[in-house]
Amino acid sequence: MNRPTKDDLDKMDSDAIAFYEISCGVAPDNFDIIINCKSAKEIWDVLKNLYEGSEQAQDKKLTTALNDFNNFKAHAGESLEDSFKRFNLIVTKLSNAGTVRSNHETNLQFLNGLGKHWTTAKMIVQGDRKIHSLSLFKLYGEL
């Protein structure tokens, strides 16, 4: 059997340090999940799957968020504030799923989803070209 090289020992030391650091950062109620892991990489993979979900779960989150974004409509009788909060939550879910929309696209989708009684406000914002540069929060403030 060959003796480990200096590079092999350095890798083992790095893994041991990473193993220790990751283990110390795990919440006590999740420690049982990683207790049998043999390497820092294994711990990382287990925690990533635990907190982010499998690739299939991530794809489902993204698909759901995209559908919610593309189909956003204010509910009948819903206040502007409630519509904004609901839409902002959808934008946050998109971002968490790894998809970020431009201010222009986000603002346009929000305005188009508000309904007919906001037509005048939509025309003013779109005509002023503010729709391209305003953040969603500033657009909401303009309304």
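Everything below is about the structure printed above this text.
Calculation notes
- Residues numbered from 1 in each chain as written.
- Predicted model: local features only at pLDDT ≥ 70, side-chain atom pairs only at ≥ 80, totals over all residues.
- Heavy atoms only, no water.
- Helix = DSSP H or I, 4+ residues; strand = E, 2+ residues; numbered from the N terminus.
- Rg over C-alpha atoms; globule rule 2.2 N^0.38 Å.
- Buried < 20%, exposed > 50% of the residue type's maximum accessible area, 1.4 Å probe, protein only.
- Contact = heavy atoms within 4.5 Å.
- Axes fitted to C-alpha atoms, helices over the stretch in contact; angles between N-to-C directions.
- Left-handed = near helix turned anticlockwise from the far one by under 90°.
- Patch = residues over 30% accessible without salt bridge, like charges linked within 9 Å, V, L, I, M, F, W, Y side chains within 5 Å.
- Areas by Shrake-Rupley, 256 points an atom, 1.4 Å probe, with all protein chains shown as cover.
- Salt bridge = Lys/Arg side-chain N within 4 Å of Asp/Glu carboxyl O.

Caption draft 1: Molecular detail of the overall build of the chain. A count of helical and extended segments in the chain gives 9 helices and 0 strands. Along the chain, helices (α) and strands (β) appear in the sequence α-α-α-α-α-α-α-α-α when read from the amino end. Scaling as 2.2 N^0.38, a compact globule of 143 residues should have a C-alpha radius of gyration of about 15 Å, whereas the chain reaches 24 Å, well beyond that. By its C-alpha atoms, the chain is 80 × 30 × 25 Å across when sized along the principal axes. The buried share among the 143 residues of the chain stands at 25%. Considering only contacts in the chain between residues 6 or more positions apart, those separated by 24 or more positions represent 52%.

Caption draft 2: Structural view of the side chain of Thr-99. Topologically, Thr-99 is positioned in the loop between helix 5 (80-96) and helix 6 (103-113). Excluding residues that lie within four positions of it along the chain, Thr-99 makes contacts with Leu-62, Leu-66 and Leu-94.

Caption draft 3: Summary view of the environment of Arg-86. When you line up the elements, Arg-86 lands in helix 5. Spatially, the C-alpha atoms of Arg-86 and Ser-14 are 45 Å apart, while their sequence positions differ by 72 residues. Every residue in contact with Arg-86, bar those within four places of it in the chain, is listed here: Phe-72, Lys-73, Ala-74, His-75 and Glu-78.

Caption draft 4: Spotlight on the packing of helix 4 (residues 55-70) against helix 5. Contact geometry of helix 4 with helix 5 gives a least axis separation of 9 Å together with a crossing angle of 145°. The two elements helix 4 and helix 5 meet at a crossing, and its hand is left-handed. Residues Leu-62, Ala-65, Leu-66, Asp-68 and Phe-69 of helix 4 pack against Phe-87, Ile-90, Val-91, Lys-93 and Leu-94 of helix 5.

Caption draft 5: Fine view of a nonpolar patch on the surface. On the surface, a nonpolar cluster with roughly 300 Å² of combined accessible area is contributed by Ile-33, Leu-50 and Tyr-51. Checked against the element boundaries, Ile-33 lands in helix 2 (residues 31-34). On the accessibility criterion, Ile-33 (40% relative accessible area) is partly exposed.

None of this, on its own, says anything about what the molecule does.
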